[in-house]
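# A look at the structure
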Amino acid sequence: MNQVFGPEMDKSFFLRDAVDVARALIGAEFRVGNTGGIIVETEAYHPDDPASHSFNGKTPRNGAMFGPAGRLYVYRSYGIHWCANFVCSPGSAVLLRAIEPRTGIDMMKLRRGTDKLRLLCSGPGRLCQAMAITGEMDGAALEAPPFFLQLPKTATAVSIGRRIGISRGTDYPWRFGLAGSPFVSKKFESPDPA
C-alpha cells in the first residue's frame, strides 16, 4: 500500500481551519494497521478556543498541536483513555469522536472486550482502544504507515451540533456527525443534516 492518503488528499488538506477539516472528514475511511472504518463523528478545536489544549500556548503535552499539519496528536484523558486528533493549522486540531467499524472487527472486539459493534469505536477512548492508538503515536505523520486515510467518493450528509464532554466553549457548533449514523458517541439534538 504505497498511497496512504487518497489521491485527493495531501498535507494542504489539514493546513486550514479545523472546523472545515472536521466537517470534511465525515465519511472518510481511517485505518491504523489492519483496523479501522468510516469516520462518523469529529470535533474541531482552535488555539483561541478555551476548550482547546492549545489555549494557553505550547507545552510538552500539546507540542504536536503546534507541529506540522497532518500529524496525530494523542493525549490521555482523565489519566485513563487515549484520545486521537488530527493536527490542522498551528494550534488547532480535530478530535476523532467515533468511527463505524469496517476493518479488523474481530481484533477490535478483542481489544475492547465486547461483541457489541456499536460500542467498539463510539467515543474517543473506545476508538483509540479498539484501534490500538496510544501516546507512542503522538506526532506521527498520517501520510505514513500504519495509517491510511481516504476521503469519501461521494458527498455525505452531515449533522452539526455543540461539542460534548467539555466544560468551556460548549456553545461552539463544532461537532460534526454522519447524519443518521448509529455509531456516533451521542445523538445530535437535531437529526436533520445541516
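Given the structure is predicted, the values throughout are model-derived calculations rather than measurements.

## A closer look at a positive patch on the surface
Together, K116, R118, R126 and K187 make up a positively charged patch on the protein surface. Here K187 is to be found in the segment after strand 8 (175-178). By relative accessible area, which is 75% here, K187 ends up exposed.

## Things to note about the nonpolar core
Ranked by size, the top nonpolar core spans 45 residues in total, and within it L25, F30, I39, L72, F86 and I133 carry the most contacts. For I133, the contacting residues outside a window of four places in its chain are F30, V32, L72, V74, W82, A84, L127 and C128.

## Brief notes about the packing of aromatic side chains
Applying the stated criterion across every chain, the model contains 6 aromatic pairs. Taking the centre distance of 5.0 Å and the plane angle of 90° together, the rings of F13 and F14 count as edge-to-face. The same class applies to F13 and to F14, which are both buried. Here the aromatic rings of F30 and F147 are separated by 6.2 Å at their centres, their planes lie at 10°, and the arrangement is stacked. Note that F30 is positioned in strand 1 (residues 29-32) and F147 in strand 6 (residues 147-150), a separation of 117 residues in sequence. Across the pair, exposure class does not vary: F30 and F147 are buried alike. An aromatic cluster is built from F13, F14, F30, F86 and F147, whose rings are joined through pairwise contacts. Above the plane of the ring of F148 lies R31, whose end atom (NZ or CZ) is 4.1 Å from the centre. Lying over the aromatic face of F188, R175 brings its terminal NZ or CZ to 3.8 Å of the ring centre.

## Observations concerning the pairing of strand 3 (residues 72-77)
With respect to burial, strand 3 is a largely interior element, 5 of its 6 residues being buried. Sheet analysis places strand 3 next to strand 4 (residues 81-87), joined by 6 bridges and oriented antiparallel. Among the inter-strand pairings, L72 is bridged to a residue of strand 4, identified as F86.

## Observations regarding the side chain of R97
Along the polypeptide, R97 turns up in strand 5 (residues 93-103). According to the relative accessible area criterion, R97 is buried, its value standing at 10%. Sequence-distant contacts of R97, defined by excluding residues within four places in its chain, comprise E41, T42, E43, C121, S122, G123, P124, L127, I164 and S185.

Parameters at a glance
Residues numbered from 1 in each chain as written. Predicted model: local features only at pLDDT ≥ 70, side-chain atom pairs only at ≥ 80, totals over all residues. Heavy atoms only, no water. Patch = residues over 30% accessible without salt bridge, like charges linked within 9 Å, V, L, I, M, F, W, Y side chains within 5 Å. Areas by Shrake-Rupley, 256 points an atom, 1.4 Å probe, with all protein chains shown as cover. Salt bridge = Lys/Arg side-chain N within 4 Å of Asp/Glu carboxyl O. Lys, Arg positive; Asp, Glu negative; His and termini not counted. Charge placed at Lys NZ, Arg CZ, Asp CG, Glu CD. Helix = DSSP H or I, 4+ residues; strand = E, 2+ residues; numbered from the N terminus. Buried < 20%, exposed > 50% of the residue type's maximum accessible area, 1.4 Å probe, protein only. Core = buried A, V, L, I, M, F, W, Y, C linked by side-chain atoms within 4.5 Å. Contact = heavy atoms within 4.5 Å. Phe/Tyr/Trp six-rings, centres within 6.5 Å; stacked < 30°, edge-to-face > 60°. Lys NZ or Arg CZ within 6 Å of the ring centre and 35° of its normal. Pairing = 2+ DSSP bridges.

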